[in-house]
Amino acid sequence: EADIYQTPRYLVIGTGKKITLECSQTMGHDKMYWYQQDPGMELHLIHYSYGVNSTEKGDLSSESTVSRIRTEHFPLTLESARPSHTSQYLCASSGGGETQYFGPGTRLLVL
Amino acid sequence: AQSVTQLGSHVSVSEGALVLLRCNYSSSVPPYLFWYVQYPNQGLQLLLKYTSAATLVKGINGFEAEFKKSETSFHLTKPSAHMSDAAEYFCAVSDLGFGNEKLTFGTGTRLTIIP
């Protein structure tokens, strides 16, 4: 069982607010990922990190930003939330092998 | 560029019947292939993976998949469906063996089990 956590699980927030979605893993994995998933759609990679102080943008353009100051922590921030940011955000990690382990996700609703 | 096509966004089978979820991939290099399952309000859980070893891969919960290079397919099967199998299933591909560790997902197949 993978130990990867995301908070909050659900978030309803007004337009213009700054939000941070938290992701933590206790497996010591170097690689971490953020995916965006709209209802009934596939997952799109928006950010990834191969280690501390390493972050890259994914295949889907996103207005969010990420940081990787500690191995276990990979938060995602939206400086000014908009209704178009409403989605589910999934965090994942891998330990150098081929398997990515996923957190439970955060469902974000921006009003 | 790699891509995944899942035929059938919704599949319904009767309890006890065969489950077949289709996945075709496109990759310029030998791929690594995955099936993940997503239950409501949860993240993704790995069902099984193909990483260039045996072409018939067995996973959790009685699922298995066969890698067919000639057909560029990696279909997921289970001989007898159970009510607890109702979920969303995602096929994914990566070129991990060639330096690209990112996953590309299909659009998913929602499996419904009819009592």
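Please read all numbers here as calculations on a predicted model, not as lab measurements.

Caption draft 1: Representation of the overall build of chain A in the model. In terms of helices and strands, chain A carries zero helices and 11 strands. For chain A, the sequential pattern of α-helices and β-strands runs β-β-β-β-β-β-β-β-β-β-β. Scaling as 2.2 N^0.38, a compact globule of 111 residues should have a C-alpha radius of gyration of about 13 Å, and chain A matches this with 13 Å. For chain A, the C-alpha atoms occupy an extent of roughly 40 × 30 × 25 Å along the three principal directions. Taken over 111 residues, chain A has a buried fraction of 47%. Intrachain contacts of chain A at a sequence separation of at least 6 include 52% that bridge at least 24 residues. Here chain A has roughly 5,200 Å² of accessible surface; of this, 51% comes from carbon and sulfur atoms. In chain A, 9 positive and 12 negative side-chain charges are present, and the distance between their average locations comes to 8 Å.

Caption draft 2: The packing of aromatic side chains, seen in detail. Per the counting criterion, the structure on display carries 13 aromatic pairs over all chains. Note on F102 of chain A and Y36 of chain B: the rings are 5.3 Å apart at their centroids and 80 degrees apart in plane angle, and the pair reads as edge-to-face. Here F102 of chain A, found in strand β10 (residues 101-102), pairs with Y36 of chain B, found in strand β5 (residues 32-38), and the two come from separate chains. Accessibility classification places F102 of chain A together with Y36 of chain B in one group, the buried group.

Caption draft 3: Looking closely at the state of the cysteines. Enumeration according to the criterion identifies two disulfides over all chains in this entry. Each disulfide pairs two cysteine sulfurs, and for C23 of chain A the partner residue is C91 of chain A, the sulfurs being separated by 1.9 Å. Because the sign of the S-S torsion sets the handedness, a value of about -75 degrees for the bond joining C23 of chain A and C91 of chain A places this disulfide among the left-handed ones. A residue pair is termed long-range when its members are at least 10 positions apart, and C23 of chain A in strand β3 (residues 19-25) and C91 of chain A in strand β9 (residues 87-94) qualify at 68 residues. Residue C23 of chain A shares its accessibility class with C91 of chain A, and that shared class is buried. Disulfide pairing is shown between C23 of chain B and C91 of chain B; the S-S distance is 2.0 Å.

Caption draft 4: Structural view of the side chain of T77 of chain A. Residues and elements named next belong to chain A. Mapped onto the elements, T77 comes out in strand β8 (residues 76-78). A relative accessible area of 14% means that T77 is categorised as buried. One polar contact links T77 to T20, side chain to side chain, over a distance of 3.2 Å. Once residues within four sequence positions are removed from consideration, T77 is found in contact with K18, I19, T20, S64 and T65.

Conventions adopted
- Residues numbered from 1 in each chain as written.
- Chains lettered and ligands numbered in written order.
- Predicted model: local features only at pLDDT ≥ 70, side-chain atom pairs only at ≥ 80, totals over all residues.
- Heavy atoms only, no water.
- Helix = DSSP H or I, 4+ residues; strand = E, 2+ residues; numbered from the N terminus.
- Rg over C-alpha atoms; globule rule 2.2 N^0.38 Å.
- Buried < 20%, exposed > 50% of the residue type's maximum accessible area, 1.4 Å probe, protein only.
- Contact = heavy atoms within 4.5 Å.
- Areas by Shrake-Rupley, 256 points an atom, 1.4 Å probe, with all protein chains shown as cover.
- Lys, Arg positive; Asp, Glu negative; His and termini not counted.
- Charge placed at Lys NZ, Arg CZ, Asp CG, Glu CD.
- Phe/Tyr/Trp six-rings, centres within 6.5 Å; stacked < 30°, edge-to-face > 60°.
- Disulfide = S-S within 2.5 Å.
- Polar contact = N/O pair within 3.5 Å; in protein donor to acceptor, adjacent residues only side chain to side chain.

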